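Chain by chain, the residues:
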Amino acid sequence: MKAETEAVLRLKSGTKVTNKIGDNNGNASAVFVATPTGGNVALTGITGENMFFVDDGTFFRSALTSGDSQGSSGISTGSASATATHTTTVTVEKGSTEYQNYFQQTF
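Predicted model, so just to flag it, every value in this text is computed and none were measured.

**Q** Teacher, can you tell me more about the pattern of salt bridges here?
**A** Inspection of the entire model under this criterion finds 2 salt bridges. Across the pair Glu-6 and Arg-61 runs a salt bridge, and its minimum N-O distance is 3.4 Å. With Glu-6 in strand S1 (residues 2-8) and Arg-61 in strand S6 (residues 59-65), this pair connects stretches of sequence that are 55 residues apart. Looking at Glu-6, the relative accessible area reads 34%, which means it is partly exposed.

See below:
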C-alpha cells in the first residue's frame, strides 16, 4: 500500500497569526502544582488571535495505491489524508522551586 498526500495552502492578504503573553495590563502567570503521582500547570494571560483567509489555488489531495500483492491474500486496506492544522504550544523547559524547612527546639 502506498499513500501519497499533497497540500498547498495559499493565504490571502490580511491573514493574521498573533500569540500574546500578558493580559491587557501585561500580566501573565504560571502556577505549578506537584503531587506524588504527577503535576500540572495553570497558565493565565496567554491569548491568541488566528484568522486564516484561504485564497484561490489552495488544495488538499490524497491517494492510495496498492502494490504487487504476490504472496499475500490480495486484500489491502489503508487510509490517507491531507489536512491543514494550526497548533500553538507553550513549553515549560525548566522550573524549580526551593523549599526551606525550619525546625527550632528550645531546651
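**Q** Just to check I follow, could you spell out the pairing of strand S4 (residues 38-44) for this structure?
**A** Two faces, one strand: in a regular strand the side chains alternate between the faces of the sheet. One ladder, built from 7 bridges, connects strand S3 (residues 29-35) with S4; its direction is antiparallel. Within S4, the residue paired with Val-33 across the bridge is Asn-40. Linking S3 to S4, which pair antiparallel, is a turn of 2 residues.

What counts and how
- Residues numbered from 1 in each chain as written.
- Predicted model: local features only at pLDDT ≥ 70, side-chain atom pairs only at ≥ 80, totals over all residues.
- Heavy atoms only, no water.
- Salt bridge = Lys/Arg side-chain N within 4 Å of Asp/Glu carboxyl O.
- Helix = DSSP H or I, 4+ residues; strand = E, 2+ residues; numbered from the N terminus.
- Buried < 20%, exposed > 50% of the residue type's maximum accessible area, 1.4 Å probe, protein only.
- Pairing = 2+ DSSP bridges.

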